[in-house]
Amino acid sequence: MTRIKDRFDRPIQDLRISVMDTCNYRCAYCMPEDKFDDDYQFLRPDQRLSFSQITRLATQFAAMGVSKLRLTGGEPLLRKKLHTLVTELKNIDGIQDIAITTNGVLLEKQLPNLIDAGLNRVTISLDALDDTLFQRLNGHKGSIKPVLKAIDAAINSSLQVKINCVVQKNCNESQILPIIEHFRDSGAIVRFIEFMDVGNINDWHSDAVVTGQDILNIIDTKHPFSAVTPNYHGEVAKRYQLDDASLEFGLITSVSQPFCGDCGRARLSADGQLYTCLFANQGHNLKPLLNDPHMNDHELTSQLTNIWQQRSDRYSEQRHKLTDRKKSKIEMYVIGG
Ligand code: SAM
Ligand code: SF4
Ligand code: SF4
């Protein structure tokens, strides 16, 4: 199989599929509750790609070199019978790894079906351990209890588990050490993520970013650690391990140390737009291609190949020079990180 490369010689590697545009949380950095109120018009079910359309597209992407899929949202577990999609995706030639990113609220109940369907990995978002802060961060949409229960269930299952913590200045830096301590000896990997300027609705400002180095400095006050070599070329997180080997943690430093040079991630929204960068302001609408009765799979692959070959995105590397950073960008809940 030939790996399709973009203008900067970056092969396409993973596809992140948003299966749902809605969410049961209202995190201020993603879906602030004043903007996403009861009157907000989310997609109608018939506007979302069907599982068979998603599977058809994933099959074409696998033919172009994609081997890893991640299901995301919005909240992916709000999509009914998600495990049946995992079963379909698992059967695609070339797909070696299927992961999901979730807030965890609905995970415990769905875990057995997802594992039976062939899910390999789960990433659960957890920005605080303190329940009062946790609830403030999710827009008062629920306590931490079901999330911690789901994390325990996932850790005790066959899945590889990662915990995602987005750190914001004067907000949840206090949670870094408790999170490190909570997950020691659990087998889960913790990843701290710099607050990013995805979309426009979160009023991002560089002053609100706690850099990867700041995070390391906080961890270093209590826990000696060392850097670990990357698992593979293009790995997003910089990896570290506590010196007593009780925990691996990582940093995602999209703002302070961008990693566009190795980026092979494509993103598909729930309504069928293909984005070639997390910070894109425009997608490629794939629905007309999927709805065209004359479009055979060969032609569909060549259209997707063409999109990737034209790609020249490297937003994070250019961020500091951009004068039009405020221009309309796709929102995080649409493409799921
Ligand atoms: N609802 C699921 C969840 O929260 O895990 C999946 C979708 S959510 C958009 C995916 C990830 O993006 C979460 O870990 C969330 O914390 C992260 N995220 C959202 N907005 C962000 C931002 N502005 N900067 C950094 N990470 C962000
Ligand atoms: Fe929902 Fe995830 Fe966005 Fe929070 S980060 S509002 S859980 S989609
Ligand atoms: Fe990839 Fe765009 Fe992020 Fe750079 S800014 S790493 S190109 S998604």
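Remember, it's a predicted structure, so these values are computed and weren't measured experimentally.

1. Re the site of ligand 2
Taken together, Cys 23, Tyr 25, Cys 27, Tyr 29, Cys 30, Met 31, Gly 74 and Asn 103 make up all the residues around ligand 2. Of the residues assigned to the shell around ligand 2, the class counts are six nonpolar, two polar and no charged.

2. Brief notes about the packing of helix H1 (residues 51-64) against helix H9 (residues 297-309)
One way to put it is that H1 packs onto H9 with a least axis distance of 10 Å and a crossing angle of 65 degrees. You can see that H1 and H9 cross each other, and the crossing is right-handed. Facing Arg 56, Leu 57, Gln 60, Phe 61 and Met 64 of H1, the residues of H9 in contact are Asp 297, Leu 300, Thr 301, Leu 304, Thr 305 and Trp 308. A breakdown of the residues in the contact of H1 with H9 according to their chemical character gives six nonpolar, three polar and two charged.

3. With respect to the environment of Phe 42
Following the sequence through the fold, Phe 42 ends up in the loop between strand E1 (14-20) and H1. Remark: the alpha-carbon pair of Phe 42 and His 83, spanning 41 residues in sequence, is separated by 23 Å. Sequence-distant contacts of Phe 42, that is, excluding residues within four places in its chain, are made with Asp 21, Thr 22, Arg 26, Met 31, Phe 36, Gln 47 and Tyr 333.

4. Some points on the packing of aromatic side chains
Scanning the model with the defined rule gives ten aromatic pairs in all. Relative to Tyr 40, the ring of Phe 36 lies with its centre 4.6 Å away and its plane at 45 degrees, an arrangement referred to as tilted. The exposure class of Tyr 40 is partly exposed, given its relative accessible area of 30%. With a centroid separation of 5.4 Å and an interplanar angle of 15 degrees, the aromatic rings of Tyr 240 and Phe 249 are classed as stacked. By relative accessible area, which is 0% here, Phe 249 ends up buried.

What counts as what
In this numbering scheme, every chain counts its residues from 1 along its sequence in written order. Ligands are numbered from 1 and chains lettered from A, in the order in which they are written. Owing to the predicted nature of the model, reporting of local features is limited to residues with pLDDT of at least 70; listing and counting of side-chain atom pairs is limited to 80 or more, with chain, interface and lining totals taken over all residues. Note: side-chain values were computed over all heavy atoms of the structure, leaving out hydrogens and water. Proximity criterion: a residue is near a molecule or strand once any of its heavy atoms comes within 4 Å of it. Each residue gets one label: Ala, Val, Leu, Ile, Met, Phe, Trp, Tyr, Cys and Pro are nonpolar, Asp, Glu, Lys and Arg are charged, and the others, such as Gly, are polar. Axis definition: a line fitted to C-alpha atoms, over the contacting stretch in the case of helices. Angles run 0 to 180 degrees between N-to-C directions. A run of H or I in DSSP counts as a helix once it spans at least four residues, and a run of E counts as a strand once it spans at least two, with each numbered from the N terminus. In a left-handed crossing the near helix is turned counterclockwise from the far helix by less than a right angle, and in a right-handed crossing that turn is clockwise. Any pair of residues with heavy atoms lying within 4.5 Å of one another is described as a contacting pair. Aromatic pairs are defined between Phe, Tyr and Trp rings, using the six-membered ring for Trp, whenever the two ring centres lie within 6.5 Å; interplanar angles under 30 degrees are classed as stacked, those over 60 as edge-to-face, and all others as tilted. Accessible area is worked out with a 1.4 Å probe on protein chains only. A residue is then buried under 20% of its type maximum, exposed over 50%, and partly exposed in between.

Honestly, that's just the spatial picture; any functional story needs more than this.
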